[in-house]
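Single-letter residue listing:
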Amino acid sequence: MELPQLEHTRLRRHDSAASVPQFCNSPTMIVMVGLPARGKTYISKKLTRYLNWIGVPTKMFNVGQYRREAVKIYKNFEFFKPDNEEAMKIRKACAAAALKDVALYFTKEQGQVAVFDATNTTRERRAIILSFAMEMGYKVFFVESICDDPEIIAENIRQVKFGSPDYADRDIDEAMEDFTQRIDCYRASYMPIDDEKDRKLSYIKIFDVGSRYLVNRVQDHIQSRIVYYLMNIHVTPRSIYLSRHGESELNLLGRIGGDTGLSPRGQKYASALATFIKGQKIIDLKVWTSHMKRTVQTAEALGVQYEQWKALNEIDAGVCEELTYEEIQENFPEEFALRDQDKYRYRYPKGESYEDLVHRLEPVIMELERQENVLVICHQAVMRCLLAYFLDKPADELPYLRCPLHTVLKLTPIAYGCKVESFFLNIEAVNTHRERPLNVNITRNPEEALQTVPDHI
Amino acid sequence: MVEGYPRELTQNPLRKIWMPCKNGHIAHRRVCMTNCPTLIVTVGLPARGKTYISKKLTRYLNWIGVPTKEFNVGQYRRECLKIYKSFEFFRPDNEEGLKIRRQCALSALNDVRQYLSVEGGQVAVFDATNTTRDRRRTIIMFAEQNGYRVFFVESVCEDPEVIAQNIVQVKLGNPDYIDCNSDEAIKDFMKRIKCYESSYQPLDEVLDRDLSYIKIMDVGRRYLVNRVVDHVQSRIVYYLMNIHITPRSIYLCRHGESDLNIKGRIGGDSGLSDRGKEFAKRLRNFLQEQNIKNLKVWTSQMKRTIQTAEILGVSYEQWKSLNEIDAGVCEEMMYEEIQERYPLEFALRDQDKYRYRYPKGESYEDLVQRLEPVIMELERQENVLVICHQAVLRCLLAYFLDKTADELPYLKCPLHTVLKLTPVAYGNFFLSSLFQNVNVQRSTEDALQTVPAHF
């Protein structure tokens, strides 16, 4: 049944008549399924991060968290034995509490997607979730992870379980032993999603960390995007290097946008970058730039093949292109103030917003997920968007992330997140970072507006 | 350190792309999807939608800039045999028939090699039943010898209604059955399917676990995807999982005439003229008469399309991706002014209108890339009305009507005309052009036809 689209119908001035269409009418529950150490939490966290980044309010509900809060101290695997009635009661209560919070998230916090991260290995448990969802009018999409490769499972346990609060006081061998027995507790009663009996359900089954997928009854746009995303991510170790172009002529003059070449210091940086990259000894590095001269020039110094992406072009400042902040304040004081009020959603006249940027960068992120070692040479606003994706920064922090010139960020996925290493290559450059000033009112005076503008020629 | 680095950069005057002065390594994102060519191989009994999928996929890949061609083995058989007598030709014990069919497959593969290795094609779609493991092995070896990646697309369907409808929709019109009546044709075709059934070896989860493939079951209800190895395969899978065959119509039109249209100026973000508003009103009446089920309405984020939708009085969704092509420094100029101020640019545009990028603006090629998510969502949807702009409409139309990059920028998309696209056989579309009869002042580019446009 189609519910009327209420939120996004009429033209509203300066509101986010979204640059992307609304994805779903009813809220969606993504329900993980699988034995422990099958990557459910990894998938849950990554998916949540991705959906939030593309603008779909999403929250993860990890039932194990609820259990840790209820039980306080984890003794051993005996808690998970199928005949442990006391524990069963607690675990059921935790799941119920989590579902309650899911409902709150949808109704009170305008959430659109909830990721229900638990084993959900019995048909009984899944039936409870399904009837809950049906009663509340939520769509359900199952994500089952199936893997029997002992090496992958062992590596998984090593990477994430040892760091878990459950095993904080144990040594490695004890923890491994206990966790293995924990998995066995689930194994006996594990009923995978059945392709026959469950043919009416919507789900994706992921086999062996992505070498095979079974997809059943994708209902709508958001589920289709989720499937596409899940089919593109991988767990092969690799690093992503993010850098801006070398300092440009316009950077020196404190002017934004444009399409100029590198300053002499920028050229120096390009050479330093080449040396740095060589020193990293990266296997099969792909290099990407935008279509703008300054990134292409920077890549040229590396002496390797590179790919140009128009999608990596800097944010289009429209009528403010090539102006200094002082000139923007003089010519467009109201625009300047509005930008400070909501830098993420603010769109330059005849230009773009950060929100637009995210939308245009989504295919870049998707391809970055598919790739292995990549160096992306881009621009300040673009780099902020990419960084926000990898480091799970929300929309209001994104436009203020620090991405200085002549600094390479090395991102390496680890456990559930991303390790960041910052390398300043010791070539001086202007500062192009403008903090949010104290007064963002359109009635403010020029000094207040220009309070945080960095120095330039 | 390679000598000569960093090299001097110049900006290609047509595409506005920075590249090294001497021909260096430049990978233009659009085209660089795979390293080696890809051979897509369909698998499945007759009447399972293989040719539908082949044609649609070919159309999509070409539109996004991946040179693709389909090779239908049935075509080769028809050219070889000239006259189709009956299903007996397909009997598994018909030695003569088997020989001819094998020859046809090899002949098609030869043409595939010509296309991929000599003519610079990137993807070839090998459309045939390919129902035996033996036949598939032949193809795999052929691909290995030539350095092609293979991706199988198997269509499995046991629903008798779907199959019957398939036969009625496409087989009855097929050259094989041109002289038969419907009942005869259906009977013969069913027997034809039977000939394949006994020797059909579907792709097997275990035996074929090292192959790259997608198995489409029951017209898209379920998919099995195995070993996607590169970007183009990933895009193909995503596309195949979004298309459907539910009957529906797509309506395309431009915004009503705008104030800048009247002045003969391009781009900008002006509102509707009085005639433009009149068009919107007529459009509203038209839609009410048509009584379209669950119609979704999409606009761009420019005032003139939104105003048009507002007059319709229905809810609509705004897509920034549907905004008109950005004419950069030429925004809001008249063609005469562009000719005067930027004569070189004006000339370059006429040289290659598809790839030409306005200074600080976009090209049609850029437009196609930004419209790809719109097309993907149009494939997912059912009845949709898209209110957009001239260049955008040309790109969308080129996708649906399989127009080449050279034809695309010259497709006729006059104001105050609604184009209705109805799917017909093999994923193609029938276009009808519906006029709203609100006269529009002619501008240099728009010549309003009083005769429906030919495509």
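Under the annotation held in an unreviewed UniProt entry, chain B carries the name 6-phosphofructo-2-kinase/fructose-2,6-biphosphatase 4b and is attributed to Haplochromis burtoni. Annotation of chain B in UniProt includes, under Sequence similarities (unreviewed entry), the sentence "In the C-terminal section; belongs to the phosphoglycerate mutase family."

In the nomenclature of an unreviewed UniProt entry, chain A corresponds to 6-phosphofructo-2-kinase/fructose-2, 6-bisphosphatase 1 isoform X2 from the organism Pundamilia nyererei. What the UniProt record of chain A gives under Sequence similarities (unreviewed entry) is the line "In the C-terminal section; belongs to the phosphoglycerate mutase family." A UniProt comment under Function (unreviewed entry) is attached to chain A, and it reads "Synthesis and degradation of fructose 2,6-bisphosphate."

For this particular structure, what's the right way to read the confidence of the model for chain A?
Interpreting fine coordinate detail is not advised for predicted regions of low pLDDT. Considering every residue of chain A, the mean pLDDT works out to 92; 95% of them sit at 70 or more. Segment residues 1-21 of chain A: pLDDT under 50, and 35 contacts once partners within four positions in sequence are set aside and those in other chains are kept.

Explain the sheet that holds strand β6 (residues 212-216) of chain A here, please?
Strand pairing in a sheet relies on backbone hydrogen bonds. The paired strands run either parallel or antiparallel. Taken in spatial order, the twelve strands make up an open sheet running β2(A)-β3(A)-β1(A)-β4(A)-β5(A)-β6(A)-β9(B)-β8(B)-β7(B)-β4(B)-β6(B)-β5(B), and their pairing is mixed. Among the strands making up the open sheet, the edge pair consists of β2 (58-62) of chain A together with β5 (68-72) of chain B. Pairs of neighbouring strands in the sheet enclose a mean axial angle of 15°, with direction left out of account. In this sheet, strand β7 (residues 149-156) of chain B lies alongside strand β4 (residues 38-43) of chain B in parallel orientation, the contact comprising six bridges. In the strand pairing of β7(B), Thr38(B) is matched with Arg149(B). Seen against the sheet, helix α3 (residues 85-108) of chain A touches β1 (28-33), β2 and β3 (113-117) of chain A and runs at an angle of roughly 170° to β3(A).

Would you take a moment to explain helix α9 (residues 274-290) of chain B for this structure?
Residue and element names in this part refer to chain B. With 17 residues, α9 ought to run about 24 Å at 1.5 Å a step, and its terminal C-alpha atoms sit 24 Å apart, in line with that. Along α9, the positions that sit buried rather than exposed are Gly276, Phe279, Ala280, Leu283, Phe286 and Leu287. Looking straight down α9, one finds its buried side chains confined to an arc of 120°; they lie on one side. Opposite the buried face of α9, by more than 90 degrees, sit the exposed residues Asp274, Gln288 and Glu289.

Would you take a moment to explain the interface of chain B and chain A for this structure?
How big an interface is tends to be stated in terms of the accessible area lost upon association of its parts. Facing the 56 residues of chain B at the interface are 59 residues of chain A. Counting the surface lost from both chain B and chain A, the interface buries some 4,900 Å², and carbon and sulfur atoms represent 49% of this. At the junction of chain B with chain A, the criterion picks out four salt bridges. Here Glu322(A) and Lys360(B) are joined by a salt bridge, their closest N and O atoms 3.1 Å apart. Linking chain B with chain A are 19 residue pairs in polar contact (both at pLDDT 80 or more), by the criterion used here. For the side of chain B that touches chain A, the secondary structure elements donating two or more residues are β1 (9-11), β2 (18-20), β3 (27-28), β9 (222-226), α7 (231-240), α10 (303-312), β12 (317-318) and α13 (364-380) of chain B. Class assignment for the residues of the side of chain B that touches chain A results in 24 nonpolar, twelve polar and 20 charged.

What should I look at first to understand the UniProt feature "binding site: substrate" (unreviewed entry) in chain B in this one?
Residues and elements named next belong to chain B. UniProt records the feature "binding site: substrate" (unreviewed entry) for Arg254, His255, Gly256, Glu257, Ser258, Asp259, Leu260, Asn261 and Arg304 in the present numbering. Spanning 51 residues, the named residues form one tight spatial group whose C-alpha atoms are at most 14.1 Å apart. As for its placement among the helices and strands, Asn261 is situated in helix α8 (residues 259-263). The buried category is assigned to Asn261, whose relative accessible area is 18%. Sequence-distant contacts of Asn261, defined by excluding residues within four places in its chain, comprise Arg254, His255, Gly256 and Leu415. Note that Arg304 resides in helix α10.

For this particular structure, what's the right way to read α3(A)?
Turn by turn, an α-helix covers 3.6 residues, leaving residues three or four places apart pointing in a common direction. All names here are of chain A. With 24 residues, α3 should cover 34 Å at 1.5 Å per step; its first-to-last C-alpha distance of 34 Å lies within 8% of that length. Looking at the buried side of α3, the elements it contacts are β1, β2, α2 (63-71), β3, α4 (123-136) and α6 (172-187). Gln110 occupies a position one or two residues after α3 and carries a positive phi of about 55°.

Sorry, what's going on with the side chain of Glu345(B) here?
All names here are of chain B. With respect to the secondary-structure elements, Glu345 resides in helix α12 (residues 343-351). Its relative accessible area of 14% is what places Glu345 among the buried residues. Every residue in contact with Glu345, bar those within four places of it in the chain, is listed here: Pro13, Lys16, Tyr356, Arg357 and Pro359.

Just checking my understanding: could you explain the domain arrangement of chain A for this structure?
Residues and elements named next belong to chain A. Partitioning chain A into domains gives domain 1 (28-231) and domain 2 (240-450). Relative placement of domain 1 and domain 2: their C-alpha centres are 36 Å apart. The interface is formed by 15 residues belonging to domain 1 together with 16 residues belonging to domain 2. For the pair domain 1 and domain 2, the two sides together bury roughly 1,400 Å², of which 64% comes from carbon and sulfur. Interface area lost by domain 1 to domain 2 is led by Arg49, Trp53 and Val160, which between them contribute 49%. A salt bridge links Lys46 to Glu369; the nearest nitrogen and oxygen atoms lie 3.0 Å apart.

Is there a simple way to think about the UniProt feature "active site" (unreviewed entry) in chain B in this case?
Residues and elements named next belong to chain B. When the UniProt feature table is mapped onto this chain numbering, "active site" (unreviewed entry) sits at His255 and Glu324. A stretch of 70 residues holds the annotated residues, and the largest C-alpha distance among them is 10.7 Å, short enough that they meet in one place. Other than its neighbours up to four places away in sequence, His255 contacts Asn261, Phe279, Arg304, Thr305, Thr308, Ile387, Cys388, His389 and Leu415. Here the side chain of His255 touches Arg304 through a polar contact of 3.3 Å, side chain to side chain. Positionally, Glu324 belongs in the loop between β12 and α11 (335-341). On the basis of relative accessible area, Glu324 is assigned to the buried category, the value being 14%. Leaving out residues up to four positions away in the same chain, Glu324 has contacts with Met302, Arg304, Glu362, Arg370, His389, Gln390, Ala391 and Val392.

Would you take a moment to explain the UniProt feature "binding site: substrate" (unreviewed entry) in chain A for this structure?
Residue and element names in this part refer to chain A. Per the UniProt annotation, the sites labelled "binding site: substrate" (unreviewed entry) are Arg244, His245, Gly246, Glu247, Ser248, Glu249, Leu250, Asn251 and Arg294. Looking at the element boundaries, His245 is found in the loop between β7 (240-244) and α8 (249-252). Residue classification places His245 among the buried residues on the basis of a relative accessible area of 2%. With near-sequence residues (within four places) excluded, His245 lies in contact with Asn251, Tyr269, Arg294, Thr295, Thr298, Ile377, Cys378, His379 and Leu405. Within the secondary structure, Glu249 sits in helix α8. Among residues more than four places away in sequence, those in contact with Glu249 are Thr260, Gly261, Leu262 and Ser263.

I tried to follow unusual backbone geometry on my own but got confused; where do I start?
Most of the time, phi is negative for any residue but glycine, and the peptide bond is trans. In the Ramachandran plot, Val209(A) falls in the positive-phi region, its phi being about 50° despite a non-glycine side chain. Mapping Val209(A) onto the fold places it in the loop between β5 (203-207) and β6. Even without being a glycine, Asp402(B) presents a positive backbone phi close to 60°. Here Asp402(B) is to be found in the loop between α14 (390-401) and β14 (417-423). Owing to a relative accessible area of 46%, Asp402(B) belongs among the partly exposed residues under this scheme.

Help me understand the domain arrangement of chain B in this model?
All names here are of chain B. Each domain of chain B was delimited in the assignment, giving domain 1 (38-242) and domain 2 (250-449). For domain 1 versus domain 2, the distance between C-alpha centres works out to 36 Å. With 15 residues of domain 1 at the contact, the number on the domain 2 side is 18 residues. Of all residues in domain 1, Arg59, Trp63 and Asn242 give up the largest surface area on contact with domain 2, accounting jointly for 50% of the area buried on that side. For the interface between domain 1 and domain 2, the tally reads two salt bridges. At the level of secondary structure, the elements contributing two or more residues to the side of domain 1 that touches domain 2 comprise α1 (50-63), α5 (160-171) and α7. At seven residues, the largest contribution of residues to the side of domain 1 that touches domain 2 is made by α1.

Rules behind the numbers
Residues numbered from 1 in each chain as written. Chains lettered and ligands numbered in written order. Predicted model: local features only at pLDDT ≥ 70, side-chain atom pairs only at ≥ 80, totals over all residues. Heavy atoms only, no water. UniProt positions renumbered as here; feature names shortened; annotations may be inferred. pLDDT = per-residue confidence, 0-100. Contact = heavy atoms within 4.5 Å. Pairing = 2+ DSSP bridges. Helix = DSSP H or I, 4+ residues; strand = E, 2+ residues; numbered from the N terminus. Axes fitted to C-alpha atoms, helices over the stretch in contact; angles between N-to-C directions. Expected span 1.5 Å × (residues − 1). Buried < 20%, exposed > 50% of the residue type's maximum accessible area, 1.4 Å probe, protein only. Arc of directions from axis to C-beta. Buried area = accessible area lost by both parts, 1.4 Å probe. Salt bridge = Lys/Arg side-chain N within 4 Å of Asp/Glu carboxyl O. Polar contact = N/O pair within 3.5 Å; in protein donor to acceptor, adjacent residues only side chain to side chain. Nonpolar A, V, L, I, M, F, W, Y, C, P; charged D, E, K, R; others polar. Domains from an automatic or database assignment.

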